[in-house]
Amino acid sequence: MTIQNFIVNLFELQGYRVRGVEVKGREILVKVELWRKTGSCPYCGKRTRLIHQYGKERKVWHRLIGEFRVYLVGRKRRWRCKQCRKVFTEEWPLVRKWSRSSSEAEVEVLRLIRDNSFHRVEEHYYTDPLRRWTPQRDRVYTD
Ligand SMILES: [Zn+2]
């Protein structure tokens, strides 16, 4: 599993493609774009593949995990409808409202990411598609 997939699962970013993760102190910037290849025209309902332009880079609050503030960073696409010629901006799917508190394991993963230990994250955790992700508790860090 790649770190990108891992992050999609950890932050519940289904529908997003993660292009990278940058950690600045206690801020985690997850660079994202949508997987979706078409936009659906809000005026006439037609689908379009025509990209008019990319918007400005935005930084959107996502959630808090322990001491980490997680943001989504990316550009929204502006689509042009082939039928009615109108231009519209894509919607980013809202990620499910987060109600439960963060687990120690999640915070620990973010600390590893901050320390650029992506391979260690991948070594020590695995994803069960049915149960989100699960720490391998029988393994202990040695450093
Ligand atoms: Zn249209």
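Just so it is clear, the model here is predicted, and its values are computed rather than measured.

**Q** Explain helix H2 (residues 104-114) here, please?
**A** Since the α-helix turns once every 3.6 residues, residues separated by three or four places project in the same direction. Residues of H2 that are buried: Val109, Leu110 and Ile113. The buried residues of H2 occupy an angular sector of 100° when projected down its axis, which confines them to one face.

**Q** Explanation requested: the environment of Glu106 in the structure shown.
**A** Positionally, Glu106 belongs in helix H2. With 17 C-beta atoms counted inside 10 Å, the residue Glu106 sits in the partly exposed group. Each C-alpha atom, one on Glu106 and one on Ile65, is 7.2 Å from the other, the two residues being 41 residues apart in sequence. Among residues more than four places away in sequence, those in contact with Glu106 are Leu10, Ile65 and Gly66.

**Q** Would you mind going over the nonpolar core with me for this structure?
**A** The tendency in soluble globular proteins is for nonpolar side chains to be buried as a group. Of all hydrophobic cores here, the largest spans 16 residues; its most connected members are Ile7, Val18, Val21, Ile28 and Val30. Listed by contribution, the elements that provide at least two residues to this core are helix H1 (3-10), strand E1 (16-24), strand E2 (27-34), strand E6 (68-80) and H2.

**Q** What's the story with the pairing of strand E5 (residues 51-65) in this structure? I'm lost.
**A** Where E5 and E6 come together, 11 bridges link them in antiparallel fashion. Residue Val60 lies in a different strand from E6, and its bridge partner there is Leu72. Connecting E5 to the next strand, E6, in antiparallel fashion are 2 residues, including Gly66 with a positive phi near 55°.

**Q** Even after reading the chapter, I still don't get the confidence of the model for the protein, so can you show me in this structure?
**A** For any part of a model where pLDDT is low, the fine detail of the predicted coordinates should not be relied upon. Across the protein, the average pLDDT comes to 78, with 72% of residues at 70 or higher. Strand E9 (residues 133-135) is the least confidently modelled element of the protein, averaging 46 in pLDDT, while strand E4 (residues 47-48) averages 96, the highest of any element. With pLDDT under 50 throughout, residues 127-143 is counted as low confidence; its partners more than four residues away or in other chains account for 17 contacts.

Conventions adopted
- Residues numbered from 1 in each chain as written.
- Predicted model: local features only at pLDDT ≥ 70, side-chain atom pairs only at ≥ 80, totals over all residues.
- Buried ≥ 20, exposed ≤ 12 C-beta atoms within 10 Å, placed from the backbone.
- Helix = DSSP H or I, 4+ residues; strand = E, 2+ residues; numbered from the N terminus.
- Arc of directions from axis to C-beta.
- Contact = placed C-beta atoms within 7 Å.
- Core = buried A, V, L, I, M, F, W, Y, C linked by C-beta atoms within 7 Å.
- Pairing = 2+ DSSP bridges.
- pLDDT = per-residue confidence, 0-100.

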